[in-house]
Amino acid sequence: MSTGVPEGYDPHAFPPFAVTVDLAVFTVRDAALHVLLVERGQEPFQGRWALPGGFVLPRESADEAARRELAEETGLGPDAVGALHLEQLRTYTDPDRDPRMRVVSVAYAALLPDLPEPRGGGDAASARWWATGATGPLAFDHDRILTDARDRIGAKLEYTCLATEFCPAEFTLGELQQVYETVWDVELDRPNFRRKVLNAPGFVQPVDGPPRRTGGRGKPAALYRAGGATTLHPPLLRLPSTEPPLSRPEGRTP
């Protein structure tokens with residue numbers, strides 16, 4: 001029976017290279033965007049911080065390798081890793097990106113609210129959450145991957161419902177707005193943001209039950225959950241708080 005390999009084909013005629021996966025995993029903690037990093041326990045770049053990742057094994061896909069490496073290097077349980085929304089970012093192919101050999105990396109972006117504190121494992125000496133603006137120089141070309149991943153997430157917040165992935169199952173519109181402000185690094189006008197969210201079909205849906213007090217002050221806020229939509233029509237552009245507030249009829253107060 002034919003194996004499908006052409007007669008005379010010599011795989012050794014081509015230079016070998018390896019395939020790896022790298023993950024930029026984000027969450028919002030203390031009103032700041034954080035990324036998950038691991039401290040490398042081996043050379044190259046021993047002692048430097050890097051994105052979690054590693055080599056794709058011969059009998060696994062890149063997606064399978066990404067989830068396996070994330071679990072091994074951070075100590076996150078299978079439930080936490082399985083719940084991650086993984087999105088393939090791009091492939092990095094620069095010839096000298098790894099000093100060991102020619103390595104092609106498939107990078108992923110992932111996000112989830114309230115991830116537990118990670119711990120090192122595999123070839124990672126330790127793992128921790130870092131504020132994205134305080135990471136310092138990373139190993140390999142991971143600074144470039146991290147920048148690309150943050151840019152991708154920021155852009156997707158404009159035209160998809162991705163922001164709800166950063167929120168708990170039930171959230172207030174204030175918590176949703178904080179996600180946008182944290183990722184975009186802007187201050188948004190609250191009335192305009194609320195209007196745009198509620199006017200976007202399927203973006204969020206109200207939760208039955210009493211409102212929830214947030215921040216220990218102000219009136220209790222209504223709760224929402226993610227709706228069934230995946231894209232926003234119209235898109236929610238990253239306009240700062242200088243946008244004019246909603247007009248109100250004369251004699252009305254907020």
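Analysis parameters
- Residues numbered from 1 in each chain as written.
- Predicted model: local features only at pLDDT ≥ 70, side-chain atom pairs only at ≥ 80, totals over all residues.
- Heavy atoms only, no water.
- Buried < 20%, exposed > 50% of the residue type's maximum accessible area, 1.4 Å probe, protein only.
- Helix = DSSP H or I, 4+ residues; strand = E, 2+ residues; numbered from the N terminus.
- Pairing = 2+ DSSP bridges.
- pLDDT = per-residue confidence, 0-100.
- Contact = heavy atoms within 4.5 Å.
- Phe/Tyr/Trp six-rings, centres within 6.5 Å; stacked < 30°, edge-to-face > 60°.
- Expected span 1.5 Å × (residues − 1).
- Axes fitted to C-alpha atoms, helices over the stretch in contact; angles between N-to-C directions.
- Parallel < 35°, antiparallel > 145°, perpendicular 65-115°, else oblique.
- Nonpolar A, V, L, I, M, F, W, Y, C, P; charged D, E, K, R; others polar.

## Structural notes on the pairing of strand β1 (residues 18–29)
Within β1, 10 of the 12 residues are buried, leaving the element largely enclosed by the surrounding structure. Strand direction decides the pairing type here: β1 and strand β6 (residues 103–111), joined by nine bridges, are parallel. Each bridged residue has a counterpart across the sheet, and for V25 the counterpart in β6 is A110. Judged from the three bridges that link them, β1 and strand β4 (residues 53–55) form a sheet pairing that is antiparallel. Residue pairing for β4: V21 is matched across the bridge by G54. Turn length for the β1-strand β2 (residues 32–40) hairpin, with the two strands adjacent in sequence and antiparallel, is two residues, and the turn residue D30 shows positive phi of about 50°.

## Considering the confidence of the model for the protein chain
When the pLDDT values of the protein chain are averaged, the result is 86; 87% of them are 70 or greater. No element of the protein chain has a lower mean pLDDT than helix α2 (residues 78–83), at 78, and none a higher one than strand β8 (residues 204–206), at 97. Note that residues 242–254 has pLDDT below 50 and, in this model, 12 contacts with residues that lie over four places away or in other chains.

## Regarding the packing of aromatic side chains
Under the defined criterion, the tally for this structure stands at five aromatic pairs. With 5.3 Å between their ring centres and 65° between their planes, W49 and W130 make a pair best called edge-to-face. Taken as a pair, W49 in strand β3 (residues 49–50) and W130 in strand β7 (residues 124–131) lie far apart in primary sequence, 81 residues in all. Exposure remark for W49: the relative accessible area of 17% places this residue in the buried category. Seen from their ring centres, Y180 and W184 are 4.9 Å apart, and the 70° between their planes marks the pair as edge-to-face. Of the two residues, Y180 and W184 both sit in helix α4 (residues 173–184), four residues apart, roughly one turn of that helix. W184 shares its class with Y180; the two are buried. Three or more aromatic residues joined by ring pairs form one cluster here, namely Y180, W184 and F193.

## Thoughts on α4
End to end, α4 covers 16 Å across 12 residues, agreeing with the expected 16 Å (1.5 Å per residue, within 8%). Among the residues of α4, L173, L176, Q177, V179, Y180, T182, V183 and W184 are the ones counted as buried. Packed against the buried residues of α4 are β1, β2, α3 (142–159), α5 (190–199), β8 and β9 (224–226). Residue D185 follows α4 closely and has a positive phi angle near 60°.

## A closer look at the packing of α4 against α5
Put simply, α4 and α5 touch, their axes get as near as 11 Å, and they point 100° apart. Overall, the two elements α4 and α5 adopt an arrangement that is roughly perpendicular. Contacts between α4 and α5 pair L173, L176, Q177 and Y180 from the former with R190, F193, R194, V197 and L198 from the latter. Taken together, the residues that form the contact of α4 with α5 break down as six nonpolar, one polar and two charged.

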